[in-house]
Amino acid sequence: METKITEIADGIYRLSTYVPHIAPPAGFTYNQFLVLGDEPLMFHTGLRKTFPVNRDALSRIMPADRLRWIAFGHFEADECGAMNEWLAVAPQATPAHGQIGCMVSLNDFVDRPPRVLTDGEVVNLGGGKRVRFIDTPHTPHGWDAGVLYEESTRTLMCGDLFTQLGNDRALTDGDVVGPAIAAEDMFKYSCLNPSMGATIRSLSNLSPHTLALMHGPSFTGDGTAALRALADDYDRRISSEVSKVLRSVAA
Ligand SMILES: [Fe+2]
Ligand SMILES: [Fe+2]
């Protein structure tokens, strides 16, 4: 197993670990993102079991002990399972997450106290990089879910949104909505909820130029259109499910 590195935007690196035995034959990627700055930030820790390869990959970009922030989208093993391993090799790093996630999980789980981020809060990383944490509860899943937006490069680190199979490229300007719909059909990983479409549509107001997918290639192009199309699909999907429930209640 190896972790590949690609600079997806100025000073933002994708560290991608491909796992062929998940959803074969296409396989599945796990991606972490490193945002350089005076206070470098990593988004997602990767799995605890892949920590050695991920640490070695990050060390090819900068010493791990320079990390100052470790953030993630929601409390799951691939998003934050290796948090304490990273904190051990990065003594200046602070875990950071939203209010719900800190209250429910992080205050107990992490070896150092987390920085609690409020919805919309911006952390200035220095070197021109500023990241904004945005709550997206239950979207695509997890009460504590959120995304991180780097303002200078207009990069939305969108976690499990747009999840897709395969490992054919690190960066794409092609369709990321169709493959995401296919993966949702296969995995049914989202917590379908009435607010989901609106939550994703509100992210389109950021006008992102790059969408940094946790599972899939990074997308460059019209992020607004991609987010709106994904929101429309979830509205369609949720309406269909609600209709089925209403029919069964009426029967
Ligand atoms: Fe997840
Ligand atoms: Fe994930």
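Structure shown above.
Attention in this report is confined to the structure presented alongside it. (Residues numbered from 1 in each chain as written. Chains lettered and ligands numbered in written order. Predicted model: local features only at pLDDT ≥ 70, side-chain atom pairs only at ≥ 80, totals over all residues. Heavy atoms only, no water.)

Structural notes on the sheet that holds strand 10 (residues 146–150)
At step 1: Pairing in this open sheet of seven strands is mixed, and the strands run 8-9-10-11-13-14-12 from one edge to the other. Here the strands that pair on one side only, and so sit at the sheet edges, are strand 8 (122–126) and strand 12 (171–172).
At step 2: Against the sheet, helix 7 (residues 223–250) engages strand 11 (155–157), strand 13 (210–212) and strand 14 (218–220), with an angle of about 55° to strand 13. (Pairing = 2+ DSSP bridges. Helix = DSSP H or I, 4+ residues; strand = E, 2+ residues; numbered from the N terminus. Contact = heavy atoms within 4.5 Å. Axes fitted to C-alpha atoms, helices over the stretch in contact; angles between N-to-C directions.)

Here's the deal with the packing of helix 6 (residues 196–204) against helix 7
At step 1: Running from N to C, helix 6 and helix 7 point in directions that differ by 175°, and their axes come no closer than 8 Å. Here helix 7 runs roughly antiparallel to helix 6, going by the angle between their axes. Contacts from Met 196, Gly 197, Ile 200, Arg 201, Leu 203 and Ser 204 in helix 6 reach Thr 224, Leu 227, Arg 228, Leu 230, Ala 231, Asp 232, Tyr 234, Asp 235 and Ile 238 in helix 7.
At step 2: Residue composition of the contact of helix 6 with helix 7, by class: eight nonpolar, three polar and four charged. (Parallel < 35°, antiparallel > 145°, perpendicular 65-115°, else oblique. Nonpolar A, V, L, I, M, F, W, Y, C, P; charged D, E, K, R; others polar.)

What to know about the side chain of Thr 136
At step 1: Looking at the element boundaries, Thr 136 is found in the loop between strand 9 (129–135) and strand 10.
At step 2: For Thr 136, a relative accessible area of 0% translates into the label buried.
At step 3: With residues up to four places along the chain from it excluded, the contact list for Thr 136 reads Ala 145, Gly 146, Val 147, Thr 199 and Leu 203. (Buried < 20%, exposed > 50% of the residue type's maximum accessible area, 1.4 Å probe, protein only.)

Things to note about the packing of aromatic side chains
At step 1: In total, this model carries four aromatic pairs according to the counting rule given.
At step 2: Centre to centre, the rings of Phe 28 and Phe 187 are 5.7 Å apart; their planes meet at 75°, and the pair counts as edge-to-face. Here Phe 28, found in strand 3 (residues 28–35), pairs with Phe 187, found in helix 5 (residues 177–187); they are 159 residues apart in sequence, far enough to count as distant.
At step 3: Among the residues examined, Phe 28 registers a relative accessible area of 7% and is labelled buried.
At step 4: What makes Phe 187 partly exposed here is its relative accessible area of 34%.
At step 5: Judged by centre distance (5.0 Å) and plane angle (90°), the ring pair of Phe 51 and Trp 86 falls under edge-to-face. (Phe/Tyr/Trp six-rings, centres within 6.5 Å; stacked < 30°, edge-to-face > 60°.)

Let's talk about the coordination of the iron ion (ligand 2)
At step 1: All of the protein donors around the iron ion (ligand 2) are Asp 78 (OD), Glu 79 (OE), Asp 160 (OD), Met 214 (SD) and His 215 (NE2); their distances to the metal are 2.2 to 2.7 Å.
At step 2: In primary-sequence terms, the residues that donate to the iron ion (ligand 2) follow D-E-x80-D-x53-M-H. (Donors = N, O, S within 2.8 Å, 3.2 Å for Na, K, Ca; no water.)

A look at the coordination of the iron ion (ligand 1)
At step 1: The protein atoms that coordinate the iron ion (ligand 1) are His 74 (NE2), Glu 76 (OE), His 141 (NE2) and Asp 160 (OD), at distances spanning 1.9 to 2.2 Å.
At step 2: The coordination sphere of the iron ion (ligand 1) comprises four donor atoms, whose angles at the metal cover 88 to 160°; the geometry is irregular.
At step 3: Here the donor residues of the iron ion (ligand 1) share one chain and are spaced in sequence as H-x1-E-x64-H-x18-D.
At step 4: The two metals, the iron ion (ligand 1) and the iron ion (ligand 2), are separated by 3.8 Å and share Asp 160 as a common coordinating residue. Linking Glu 76 in the loop between strand 5 (69–71) and helix 2 (77–80) with Asp 160 in the loop between strand 11 and strand 12, this pair joins segments that are 84 residues apart in sequence. (Tetrahedral: all angles 85-135°; square planar, octahedral: opposite > 155°, others 65-115°.)

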